[in-house]
Amino acid sequence: MALPDAAKLSLNTATTRAQWGLAQAIDGCARHGIRGIAPWRDQLAAMGVQEAARAIKANGLAVTGLCRGGFFTAKDWRDDNRRAIEEAHALGAQCLVLVVGGLPQGSKDLAGARQQVADGIAAILPEASKAGVPLAIEPLHPMQAAERACINTLEQALDLCDALGEGVGVAVDVYHVWWDPKLAQQIARAGRERLLAYHICDWLVPTRDLLNDRGMMGDGVIDLPRIRGWMEGAGYAGFHEVEIFSTLDWWRRDADEVLATCLECHRRT
Ligand code: ZN
């Protein structure tokens, strides 16, 4: 299989969030020749949406996604998603990533939560379509079903896409789906139209923190070239967005070193 094209690397700004705000991350991408960026909304708010849009455009960066909308089981979900769609539109983002939300506080009704999510996405889909913002459902590892996302496999996400119709697809984050025995089959099922984003990092052994101990590509057990092959086989030709939450390692390092390492390791995976 061909090695990945360096021009396909995108920086999800979570990777440098401990060191850099969004303005610095934009400059960092420009300095290192990284062509894509995926901002988080708290950093976007801190910089200001218009200023961020201007700086991203001035540096010729593609916005490979905006993180994040979703949390449909929380109280203020509708307004928050409306704002997220506006921001994604202002940035010209390729998609709005949806972390769909877990169980409502005090609830044990997982099926009910999943229905709430389906209803929530259906409710915002017309606005998103009108704004030209594709919605990317990101299935999260089942360990996060209670607190973050009750959509936990690609199959589940695609069933939802089938029910919702156009304007919605998936974000495939290797950290969340690498273990899934149906991964190859479901990536093929998704197809080019619904594969909206590809998030990369690695699964460390041992994992010291289930949320914030993601590894650099190549440092763990995920067969990244194989998964990339499945994505490409399904027609995905978009960016490879590096997204590393790492309180114990990468968030403690110099951010320029982190970016240089991302570029180096991406080349091999
Ligand atoms: Zn992700």
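Here's a quick rundown of the structure. (Residues numbered from 1 in each chain as written. Predicted model: local features only at pLDDT ≥ 70, side-chain atom pairs only at ≥ 80, totals over all residues. Heavy atoms only, no water.)

**Remarks on the nonpolar core**
The condition that has to hold: Throughout, nonpolar core names a set of buried Ala, Val, Leu, Ile, Met, Phe, Trp, Tyr and Cys residues whose side chains join them through atoms within 4.5 Å. Each residue is placed in one exposure class: buried if its accessible area under a 1.4 Å probe, protein chains only, is under 20% of its type's maximum, exposed if it is over 50%, and partly exposed if it falls in between. Counting from the N terminus, the helices are DSSP H or I runs at least four residues long and the strands are E runs at least two residues long.
Within the largest apolar cluster, 80 residues are counted, with the highest numbers of intra-cluster contacts made by Ile-121 and Ile-137. It is helix H5 (residues 110–130) that provides the largest number of residues to this core, a total of seven residues. Counting residues in each nonpolar core, the second largest holds 11 residues, with Ala-14, Trp-40, Cys-95 and Val-97 among its members.

**Let's talk about the packing of aromatic side chains**
Condition: Ring pairs are drawn from Phe, Tyr and Trp, using the six-membered ring of Trp, whenever the two centres fall within 6.5 Å, and their geometry is named by plane angle: stacked under 30 degrees, edge-to-face over 60, tilted for the rest. Charge over a ring is defined by NZ of Lys or CZ of Arg lying within 6 Å of the ring centre and within 35 degrees of the ring normal.
The tally for this structure, following the rule as stated, stands at six aromatic pairs. Between the aromatic rings of Trp-40 and Phe-245, the centroid separation amounts to 6.0 Å while the plane-to-plane angle is 85°, which identifies the pairing as edge-to-face. Note that Trp-40 is positioned in the loop between strand E2 (36–38) and helix H2 (41–47) and Phe-245 in the loop between strand E9 (240–242) and helix H10 (255–266), a separation of 205 residues in sequence. The pair formed by Trp-40 and Phe-245 is uniform in burial state, with each residue classed as buried. Geometrically, the ring pair formed by Tyr-198 and Tyr-236 is edge-to-face, given 6.3 Å between the ring centres and 70° between the ring planes. Linking Tyr-198 in strand E8 (residues 195–200) with Tyr-236 in the loop between helix H9 (224–233) and E9, this pair joins segments that are 38 residues apart in sequence. For Arg-253, the ring lying beneath its charged end belongs to Trp-250, and the centroid distance is 3.8 Å.

**Remarks on the sheet that holds strand E3 (residues 62–63)**
As a reminder, the rule being used: The pairing criterion for strands is at least two bridges between them, as found by DSSP. Contacts are residue-level and defined by heavy atoms, with any inter-residue pair within 4.5 Å sufficient. Only C-alpha atoms enter the line fits that serve as axes; for helices the fit covers just the stretch in contact. Angles between N-to-C directions range over 0 to 180 degrees.
With respect to topology, nine strands assemble into an open sheet ordered E3-E2-E1-E9-E8-E7-E6-E5-E4, the strand pairing being parallel. With one partner strand each, in any of the chains shown, E3 and strand E4 (66–70) form the two edges of the open sheet. In the sheet, E2 pairs with E3 via two bridges, with the strands oriented parallel. Bridging across to E3, Ile-37 finds its partner in Val-63. The strands touched by H9 are strand E7 (168–173), E8 and E9; relative to E8, the strand with the most contacts, the crossing angle is about 170°.

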